[in-house]
Amino acid sequence: MSDPTITPWYKQFWPWFLLGLLFSSIVVSTTFAVLSIKSYDGMVVQEDYYEHGKAINVIFAKQEQARALNLSAELRIDPLTSDIVIDLAGDARPDKLYLDLIFPTEDDRDQSFVLEHVREGRYITQGPDNLRYRWYLQLQPEQGSEADWRLIGEARFPDENTIALLPGGRSENE
């Protein structure tokens, strides 16, 4: 009779294969945990939902005020000089306009500009070079929450067409 030789467990394939699967899953999950902690996505977390909800009514009131003043604006960004030009139509002509470019996902990319009144309804300022991707636009006569009215819009840059800023509605490229 032949005597089968039994090899020790550490010299066989299957225990090492199963241990390899276990250790590789530990390494991969630890790597993903470290990456998720180190790469903060910049999303803003609202802590006071009630106050935020009350502020929405103020925003709607600003947009209704813009609608009552028959306000609308057209925004253009010159591709060569990066000048931001806004033509404001309606019953208000402030000395300055404040334009906020809001990036949808990363609040550290938001930009604000002050536009000077140069002639009847036209405002101008120097804009950023190489503006890319999708942005939300807000146009107000004063900076911050003390503004009487607000025009809003949305744009995808680079865009050589005019972008409409309207009271309470999405803008459309013309």
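Criteria and thresholds
- Residues numbered from 1 in each chain as written.
- Predicted model: local features only at pLDDT ≥ 70, side-chain atom pairs only at ≥ 80, totals over all residues.
- Heavy atoms only, no water.
- 1 Å grid on protein atoms, 1.4 Å probe; cavity = no way out; pocket = protein on both sides within 12 Å on 5 of 7 lines; lining within 4 Å.
- Points joined across faces, edges and corners; volume = space filled by probe spheres on them.
- Nonpolar A, V, L, I, M, F, W, Y, C, P; charged D, E, K, R; others polar.
- pLDDT = per-residue confidence, 0-100.
- Helix = DSSP H or I, 4+ residues; strand = E, 2+ residues; numbered from the N terminus.
- Contact = heavy atoms within 4.5 Å.
- Core = buried A, V, L, I, M, F, W, Y, C linked by side-chain atoms within 4.5 Å.
- Buried < 20%, exposed > 50% of the residue type's maximum accessible area, 1.4 Å probe, protein only.
- Salt bridge = Lys/Arg side-chain N within 4 Å of Asp/Glu carboxyl O.

### A closer look at the layout of surface pockets
Consideration 1: In this structure, the second largest pocket occupies an estimated 220 Å³ of space.
Consideration 2: Lining the second largest pocket are 14 residues, with Ile-77, Pro-79, Asn-130, Leu-131 and Pro-158 sitting closest to its centre.
Consideration 3: Of the residues assigned to the lining of the second largest pocket, the class counts are seven nonpolar, two polar and five charged.

### Some points on the confidence of the model for the protein chain
Consideration 1: Averaged over the protein chain, the pLDDT score is 85; the fraction of residues at 70 or greater is 92%.
Consideration 2: Element-level pLDDT for the protein chain is lowest in helix α2 (residues 49-68), with a mean of 79, against a maximum mean of 94 in helix α1 (residues 13-38).
Consideration 3: In this model, residues 170-174 is a region of pLDDT below 50 whose contacts with residues beyond four sequence positions or in other chains number 13 contacts.

### Focus: the nonpolar core
Side chains that are nonpolar tend, in soluble globular proteins, to be buried together.
Consideration 1: Counting residues in hydrophobic clusters, the biggest one holds 27 residues, and the most contacted among them are Leu-75, Ile-86, Leu-99, Leu-137, Trp-149, Leu-151 and Phe-157.
Consideration 2: Those elements that provide at least two residues to this core are β1 (72-77), β2 (83-89), β3 (96-102), β4 (111-119), β6 (133-140), β7 (151-157) and β8 (163-165).
Consideration 3: When residues no more than four places from it in sequence are discounted, the contact partners of Leu-99 are Leu-75, Ile-84, Ile-86, Gln-111, Ser-112, Phe-113, Leu-115, Leu-137, Gln-138 and Leu-139.

### Some thoughts on the pattern of salt bridges
Consideration 1: Summed over the entire model, instances satisfying the criterion amount to five salt bridges.
Consideration 2: When the shortest N-O distance is used, the salt bridge between Arg-93 and Glu-120 registers 3.0 Å. Pair noted here: Arg-93 is in the loop between β2 and β3 and Glu-120 is in the loop between β4 and β5 (122-126), with a separation of 27 residues, a long-range link.
Consideration 3: Of the charged contacts in the structure, one is a salt bridge between Arg-134 and Glu-154, with a shortest N-O distance of 2.9 Å. One end of the pair, Arg-134, is in strand β6; the other, Glu-154, is in strand β7, and 20 residues separate them in sequence.
Consideration 4: Through salt bridges with shared partners, one network takes in Arg-76, Asp-87 and Arg-122.

### Quick look at unusual backbone geometry
Consideration 1: Residue Pro-158 is reached from Phe-157 by a cis peptide bond, and omega for that bond is 0 degrees.
Consideration 2: By secondary structure assignment, the location of Pro-158 is in the loop between β7 and β8.
Consideration 3: The phi dihedral of Ser-82 is positive, around 65 degrees, even though this residue is not glycine.
Consideration 4: If you trace the backbone, Ser-82 turns up in the loop between β1 and β2.
Consideration 5: The backbone phi angle of Tyr-133 is positive, close to 75 degrees, even though this residue is not glycine.
Consideration 6: As for its placement among the helices and strands, Tyr-133 is situated in strand β6.

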